[in-house]
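# Structural overview for review
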Amino acid sequence: MSSDVFRTESEFSDLDARWGEFTSDESQPDPADAFVFQFHQVDEELGPDQRWTTWLDVERGSRGPDPRPDWVVTEQAAIDTELGILKTGKEADVFLLERAVDAIGDNPGKSSLLAAKRYRTEEHRTFHRSTAYVEGRRTRNSRDSRALAKKTAHGRGVAAGQWAYAEWDALCRLWKAGVPVPYPVQVDGTELLMEFIDDGEGGAAPRLAQVRPDKRLLDQYFEQVRDGMRELARAGLAHGDLSPYNVLAQGERIVMIDLPQVIDIVGNPKGMEFLLRDCHNMATWFTNRGLEVDEQELFADLLTMVF
Ligand SMILES: Nc1ncnc2c1ncn2[C@@H]1O[C@H](COP(=O)(O)OP(=O)(O)OP(=O)(O)O)[C@@H](O)[C@H]1O
Ligand SMILES: [Mg+2]
C-alpha cells in the first residue's frame, strides 16, 4: 500500500545523481534557483492522491496534545496519501489517509494511518444538527458571527469549521482525561485528522452495533463504556450522541467516536436530557445482547460524578 509513497533506492540515487550533476555544473546558477530546481524534482513525484504533510501548516494549538504518541509523523518531508473513503456520513465524510516519510540517511522511515474526518458545508448536508447542541456556543470573532447569520459562503465554511473545531477540542480534552477516544493528530479548517482505529488486519474496527461479543467480552465492554461515560461526566460532559454506532470495538477495547456535539451537562438547558438519552441508547444495546443494564441506575451513577 505504501509502495507509491516510498521512493525506491534507485529513484533516490537517480535524484542524487541529477542533483550532483546540477551542482557540479561549471555555469553554477544562483543557489536560490538551485533550490527551485530541487523543489520541482520532488514535487513531480506527488501523485494525484497525494499532498505534502499539513502538519506544519497549522498553528501549535491545532496539533495534538502531549505526551504525543511516538507513531505521530511530524516530519516536514512527510507525504499524505489518500487511501479511500471509510464512510460517508450525514455531515462529514471519513477518509483513510497515510502519512509517511521516507528513510533518509540515519533516519528510519515512518508511516502511520489516520482517519481524516472532513466536515461538509451546510448545503451539502442531509441533516442539520439541532440548535439545542449549540446553545451558548460562541463564534470567535464578529466577522464570523455576521457571516454565520447571513449564511454567506464564508459563513457556511465557518459553520463546518466550527464543528471540526468543536470535535477537535472535545477529543483533546477527553484524550487528556483518559477517555478512550482516538488520539487527535491535528485540525485544519474543516478537516480533522485522528488516530485510525483498526481491526488489527488493516481494516477499520467495527462499530459496536455490528459485533456479538461473548459474555466475558460483553462485560468488559460495558465496564469500559461506563468508565468512559464516568470520565466524561467528571469533566461535566455528556457525549450527546452516544450509541452503538458511535462506539468502535477494537479487539478487547472500545473507543468512543463522533464527538462534535459534546454537551455541558449542567450548562446546557437540555444537558440532563442528552445524558439520559446516551444512557438509554447504551443500556438498550447491552440489555439486548444479554447483559441487563438499567438506564436509570447508569444515569444516577453518572450524576454522582458531576456533582
Ligand atoms: N478514528 C476512526 N478510526 C476508524 N474508523 C473511524 C474513525 N472515525 C470514524 N470512523 C468510521 O467512520 C464512521 C463515521 O464517523 P463519525 O460517526 O465520526 O461521523 P458522522 O459523520 O457522524 O457519521 P454518522 O452520520 O454515520 O454518525 C464511523 O462509524 C466509523 O466507522
Ligand atoms: Mg457517527
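Residues numbered from 1 in each chain as written. Chains lettered and ligands numbered in written order. Predicted model: local features only at pLDDT ≥ 70, side-chain atom pairs only at ≥ 80, totals over all residues. Heavy atoms only, no water.

Before going further, it helps to examine the site of ligand 1. In the neighbourhood of ligand 1, 18 residues make up the surrounding shell, with Lys87, Lys117, Ile197, Arg207 and Asp258 lying closest. A distance of 3.1 Å separates an oxygen atom of ligand 1 from a polar atom in the side chain of Asn246. Residue Asp258 places a side-chain N or O atom 2.6 Å away from an oxygen atom belonging to ligand 1. Considered on its own, ligand 1 offers 600 Å² of accessible surface; in the complex 93% of this is hidden by protein. When residues of the shell around ligand 1 are traced back to their parent elements, those giving at least two are strand 3 (92-101), strand 4 (110-119) and strand 6 (191-195). In terms of residue class, the shell around ligand 1 is made up of 10 nonpolar, two polar and six charged. Lining the shell around ligand 1 are residues from two domains, each supplying at least three of them: domain 2 (48-196) and domain 3 (206-307). (Near = heavy atom within 4 Å. Polar contact = N/O pair within 3.5 Å; in protein donor to acceptor, adjacent residues only side chain to side chain. Areas by Shrake-Rupley, 256 points an atom, 1.4 Å probe, with all protein chains shown as cover. Helix = DSSP H or I, 4+ residues; strand = E, 2+ residues; numbered from the N terminus. Nonpolar A, V, L, I, M, F, W, Y, C, P; charged D, E, K, R; others polar. Domains from an automatic or database assignment.)

Our focus in this paragraph is empty space enclosed by the protein. Under the defined criterion, the tally for this structure stands at one cavity of 30 Å³ or more. In this structure, the largest cavity occupies an estimated 40 Å³ of space. Lining the largest cavity, in full, are Met229, Leu232, Ala233, Leu237, Ala238, His239, Leu275, Asp278 and Leu302. For the lining of the largest cavity, the elements supplying multiple residues, two or more each, are helix 6 (215-234), strand 7 (237-238) and helix 7 (271-288). A total of three residues in the lining of the largest cavity trace back to one element, the largest contributor, which is helix 6. (1 Å grid on protein atoms, 1.4 Å probe; cavity = no way out; pocket = protein on both sides within 12 Å on 5 of 7 lines; lining within 4 Å. Points joined across faces, edges and corners; volume = space filled by probe spheres on them.)

What follows is about the coordination of the magnesium ion (ligand 2). For the magnesium ion (ligand 2), the full set of protein donor atoms is Asn246 (OD1) and Asp258 (OD), at a range of 2.1 to 2.2 Å. You can see Asn246 sitting in the loop between strand 7 and strand 8 (247-250) and its partner Asp258 sitting in the loop between strand 9 (253-256) and strand 10 (263-264), a full 12 residues away along the chain. (Donors = N, O, S within 2.8 Å, 3.2 Å for Na, K, Ca; no water.)

Next up on the list: a nonpolar patch on the surface. On the surface, Val266, Met272 and Phe307 cluster together into a nonpolar patch covering about 320 Å² of accessible area. On the secondary structure map, Met272 appears in helix 7. (Patch = residues over 30% accessible without salt bridge, like charges linked within 9 Å, V, L, I, M, F, W, Y side chains within 5 Å. Salt bridge = Lys/Arg side-chain N within 4 Å of Asp/Glu carboxyl O.)

Attention now goes to the environment of Arg51. If you trace the backbone, Arg51 turns up in strand 1 (residues 50-52). Overall, the relative accessible area of 24% leaves Arg51 in the partly exposed class. A distance of 3.0 Å separates polar atoms of two side chains, one belonging to Arg51 and the other to Glu191. (Buried < 20%, exposed > 50% of the residue type's maximum accessible area, 1.4 Å probe, protein only.)

Per-chain confidence: the chain averages 84 in pLDDT, with 74% of residues scoring 70 or above. For the stretch residues 10-16, pLDDT sits under 50, and the model shows six contacts to residues farther than four places along the chain or on other chains. Counting interchain partners and residues more than four positions distant, the pLDDT-below-50 stretch residues 18-41 has 10 contacts. (pLDDT = per-residue confidence, 0-100. Contact = heavy atoms within 4.5 Å.)

Turning our attention to the sheet that holds strand 2 (residues 79-88). Remark on secondary structure: sheet strands pair via backbone hydrogen bonds, oriented parallel or antiparallel. In space, the six strands of this open sheet follow the order 1-2-3-4-6-5, with antiparallel pairing throughout. Strands with a single pairing partner mark the edges of an open sheet, and in this sheet they are strand 1 and strand 5 (184-188). Averaged over neighbouring strand pairs, the angle between their axes works out to 30° when direction is ignored. Of the strand pairs in this sheet, strand 3 and strand 4 are connected by 10 bridges, and their pairing is antiparallel. From the neighbouring strand, Val94 faces strand 4, where its bridge partner is Lys117. (Pairing = 2+ DSSP bridges. Axes fitted to C-alpha atoms, helices over the stretch in contact; angles between N-to-C directions.)

Attention now goes to the nonpolar core. Across soluble globular proteins, nonpolar side chains show a tendency to be buried alongside one another. Within the largest apolar cluster, 53 residues are counted, with the highest numbers of intra-cluster contacts made by Leu174, Leu208, Tyr221, Met229, Met256, Met282 and Phe286. Mapped onto the domain boundaries, this core takes at least three residues apiece from domain 2 (48-196) and domain 3 (206-307). Look past the residues within four positions of Phe286 in its chain and what remains in contact with it is Leu208, Leu218, Tyr221, Phe222, Val225, Leu291 and Val293. Listed in part, the nine residues of the second largest apolar core include Leu97, Leu114, Tyr183 and Val185. (Core = buried A, V, L, I, M, F, W, Y, C linked by side-chain atoms within 4.5 Å.)

The next thing to look at is the packing of helix 6 against helix 8 (residues 295-306). In contact at an axis separation of 7 Å, helix 6 and helix 8 are set at 35° when each is read in the N-to-C sense. For the element pair helix 6 and helix 8, the recorded crossing hand is right-handed. Across the interface between the two elements, Phe222, Arg226, Met229, Arg230, Ala233 and Arg234 from helix 6 touch Leu298, Asp301, Leu302, Met305 and Val306 from helix 8. The residue makeup of the contact of helix 6 with helix 8, split by class, is seven nonpolar, no polar and four charged. (Left-handed = near helix turned anticlockwise from the far one by under 90°.)

Running from N to C, helix 7 and helix 8 point in directions that differ by 135°, and their axes come no closer than 9 Å. By the angle class used here, helix 7 and helix 8 are oblique. In this structure, helix 7 crosses over helix 8, and the sense of that crossing is right-handed. Contacts between helix 7 and helix 8 involve Met272, Leu275, Leu276, Cys279, His280 and Ala283 on the former and, on the latter, Glu295, Gln296, Leu298, Phe299, Leu302 and Leu303. Here the contact of helix 7 with helix 8 is composed, by residue class, of nine nonpolar, two polar and one charged. (Parallel < 35°, antiparallel > 145°, perpendicular 65-115°, else oblique.)

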